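Structural characterization, general
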Amino acid sequence: MNSAYNVIIRPVVSERSFDLMSQNKYTFEVAKQAPKEEIAAAVEKLFGVHVLKVNTINVKPKTRRVRYVAGQTRSWKKAIVTVAEGDSIELFAQQSAE
């Protein structure tokens, strides 16, 4: 991979990912061929945080049906990145209720 923008595709927004943020863990969809070292370097470069650990999961496709045709969702790779205590990624910052 050449660019950090090619490694980190998008943040994963779900209830579980928001619960993990209290433990300084952030979830991203990443390129399928990206190794853990490259994911850590990309997160450090893009967000200016210190990465302690990276866990990756290959998400398998699920079977879905549209009327009579059966197909599958796409497969993708998910990374759960643990950042150092005191660091946070502002992309996921909680919005205050106004």
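Scroll up to find the structure.
Residues numbered from 1 in each chain as written. Predicted model: local features only at pLDDT ≥ 70, side-chain atom pairs only at ≥ 80, totals over all residues. Heavy atoms only, no water.

1. Side note on the sheet that holds strand S1 (residues 8-11)
Strand order in the open sheet formed by 4 strands is S1-S2-S6-S3, and the pairing between neighbours is antiparallel. Two strands close off the open sheet at either side, each with one partner strand: S1 and strand S3 (51-59). For this sheet the average axis-to-axis angle between neighbouring strands, irrespective of direction, equals 35 degrees. Sheet topology note: the S1/strand S2 (residues 25-30) ladder contains 3 bridges and is antiparallel. Within S2, the residue paired with Pro11 across the bridge is Phe28. (Pairing = 2+ DSSP bridges. Helix = DSSP H or I, 4+ residues; strand = E, 2+ residues; numbered from the N terminus. Axes fitted to C-alpha atoms, helices over the stretch in contact; angles between N-to-C directions.)

2. As for the nonpolar core
Ranked by size, the top nonpolar core spans 20 residues in total, and within it Ile8, Phe28, Ile39, Val43, Val54 and Val81 carry the most contacts. The element that contributes the greatest number of residues to this core is helix H3 (residues 36-47), accounting for 4 residues. (Core = buried A, V, L, I, M, F, W, Y, C linked by side-chain atoms within 4.5 Å. Buried < 20%, exposed > 50% of the residue type's maximum accessible area, 1.4 Å probe, protein only.)

3. Remarks on the pattern of salt bridges
Two side chains with opposite charge may pair up if their charged atoms get near one another. Per the counting criterion, the structure on display carries 2 salt bridges. The residue Glu29 makes a salt bridge to Arg74 at a minimum N-O spacing of 3.0 Å. Taken together, the residues span a long stretch of sequence, with Glu29 in strand S2 and Arg74 in the loop between strand S5 (69-72) and strand S6 (76-83) at a distance of 45 residues. Taken together, the shared-partner salt bridges in this structure form one network comprising Arg10, Glu29 and Arg74. (Salt bridge = Lys/Arg side-chain N within 4 Å of Asp/Glu carboxyl O.)

4. Topic: H3
Each α-helix turn comprises 3.6 residues. Residues three or four places apart therefore point the same way. An ideal rise of 1.5 Å per residue puts 16 Å on 12 residues; H3 measures up with 16 Å between its terminal C-alpha atoms. Of all the positions in H3, only Ile39, Ala40, Ala42 and Val43 are classed as buried. Projection of H3 onto a plane perpendicular to its axis shows the buried side chains occupying an angular sector of 165 degrees, all on one side. Away from its buried face, by an angle of more than 90 degrees, H3 presents the exposed residues Glu37 and Lys45. Those residues of H3 that are buried are in contact with helix H1 (4-7), S1, S2, S3 and S6. One or two steps after H3, the chain reaches Gly48, where phi turns positive at roughly 65 degrees. (Expected span 1.5 Å × (residues − 1). Arc of directions from axis to C-beta. Contact = heavy atoms within 4.5 Å.)

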